[in-house]
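What the coordinates show
In case you want the letters, here they are:
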Amino acid sequence: MLNLLIFGPPGAGKGTQASLLAKKYTLNHLSSGELLRQERENGPLGVKIKKYQDAGQLVPDSLIIKMIEEAIKKDLNGNGFIFDGYPRNLHQAKALDRFLKTLGKNIQIVLNLKLNSKTATERILLRSKTSGRSDDNKKIIASRLQVYRQQTTPLLEYYKTQNKLKNIDGSPAIKSVFQQISEIIKNRFSPFRKKAAANE
Ligand code: ADP
């Protein structure tokens, strides 16, 4: 089983790279933002989620932790997961580690997509034309970036001490970022080398 985690500020391309990885390695792409947006459309917690997302703030830990655990439980026998947008603070990271441990699983690689705030903002504003996301506007982007710097970046240290952190330059084109990531995975997992080569 291959369990990956992808980090980066809003606009870094986490979702794009996570879908490419999910396809290449047949992983379950778990995007916390997507899960929340779906719940927001259909579920009873919609109003509450909207309030947080549209303020650029994190939704309460209890809510997202439960949603992620439910999603993991639904796919215990697959090839693995790529976590995109989760965890976003230390409490969530510890909860994820604990939960995976109870299942005899763990995270193997943490990919950190690096991108400066200026480029991130430009990308999201461009995306806002087609994304239909109510949080893709200048004011909310600023608070999402601030939440990322304040609450999520401390996690990088947490995974660095576990020897799992890999930094990637998120500024080049999608394909080239994906090549960097694929190299990292190939080098880390020899059993995946053949499979990756076959998919190329
Ligand atoms: P981005 O990374 O571009 O901000 P996401 O779709 O990952 O986009 O997240 C959008 C919003 O969803 C966040 O601003 C936050 O309100 C909420 N959210 C997503 N993931 C989490 C999480 N792990 N914990 C709390 N809130 C979350």
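Presented here is an overview of the structure given in this document.

Our focus in this paragraph is the nonpolar core. Formed by 30 residues in total, the largest nonpolar core has its most connected members in L5, F7, I72, F83, L96 and Y159. Elements represented by at least two residues in this core include exactly strand 1 (4–7), helix 2 (32–42), helix 4 (61–73), strand 3 (81–84), helix 5 (90–102) and helix 8 (154–161). A per-element tally of this core places helix 4 first, with 7 residues. I109, A120, I124 and V177 belong to the second largest nonpolar core, which has 25 residues in total.

Moving on to the side chain of D61. Relative to the helices and strands, D61 is located in helix 4. Buried within the structure, D61 lacks any salt-bridge partner; its nearest side chain of opposite charge belongs to R88, at an N-O separation of 9.4 Å. Within the structure, the side chain of D61 is placed 3.0 Å from the side chain of N89, a separation counted as a polar contact.

Bringing the site of the ligand into the picture now. Surveying the vicinity of the ligand reveals 19 residues, the closest of which are K14, S32, Q53, Q57 and R144. At 2.9 Å, a side-chain N or O of R37 approaches an oxygen atom of the ligand. Against a free-state accessible area of 540 Å², the protein chains account for coverage of 96% of the ligand. Of all the cavities here, the one that holds the ligand is the largest pocket. The biggest single contributor to the shell around the ligand is helix 2, with 4 residues. For the shell around the ligand, a count of residues per class yields 6 nonpolar, 6 polar and 7 charged.

A separate point is empty space enclosed by the protein. Counted under the stated rule, the structure contains 1 cavity of 30 Å³ or more. What lines the largest cavity is I6, F7, G8, K14, G85, R88, Y148 and T152. Contributions of two or more residues to the lining of the largest cavity are made by strand 1 and helix 7 (138–152). Partitioned by chemical class, the residues of the lining of the largest cavity number 3 nonpolar, 3 polar and 2 charged.

Taken together, the 5 strands give an open sheet; going across it, the order is 2-3-1-4-5, and neighbouring strands pair in parallel fashion. Since the sheet does not close on itself, it has two edges, and those belong to strand 2 (28–31) and strand 5 (165–169), each with one partner. Each adjacent strand pair in this sheet contributes to an overall mean axis angle of 20°, direction not counted. Relative to strand 4 (residues 109–114), strand 1 runs parallel, the two sharing 4 bridges.

What follows is about unusual backbone geometry. Across the junction of Y86 and P87, the peptide omega takes the value 0°, indicating a cis bond. Looking at the secondary structure, you find P87 in the loop between strand 3 and helix 5. Even without glycine at this site, T26 takes up a positive phi of about 50°.

Calculation notes
- Residues numbered from 1 in each chain as written.
- Predicted model: local features only at pLDDT ≥ 70, side-chain atom pairs only at ≥ 80, totals over all residues.
- Heavy atoms only, no water.
- Core = buried A, V, L, I, M, F, W, Y, C linked by side-chain atoms within 4.5 Å.
- Buried < 20%, exposed > 50% of the residue type's maximum accessible area, 1.4 Å probe, protein only.
- Helix = DSSP H or I, 4+ residues; strand = E, 2+ residues; numbered from the N terminus.
- Lys, Arg positive; Asp, Glu negative; His and termini not counted.
- Salt bridge = Lys/Arg side-chain N within 4 Å of Asp/Glu carboxyl O.
- Polar contact = N/O pair within 3.5 Å; in protein donor to acceptor, adjacent residues only side chain to side chain.
- Near = heavy atom within 4 Å.
- Areas by Shrake-Rupley, 256 points an atom, 1.4 Å probe, with all protein chains shown as cover.
- 1 Å grid on protein atoms, 1.4 Å probe; cavity = no way out; pocket = protein on both sides within 12 Å on 5 of 7 lines; lining within 4 Å.
- Sits in = over half its atoms within 2 Å of the grid points.
- Nonpolar A, V, L, I, M, F, W, Y, C, P; charged D, E, K, R; others polar.
- Points joined across faces, edges and corners; volume = space filled by probe spheres on them.
- Pairing = 2+ DSSP bridges.
- Axes fitted to C-alpha atoms, helices over the stretch in contact; angles between N-to-C directions.

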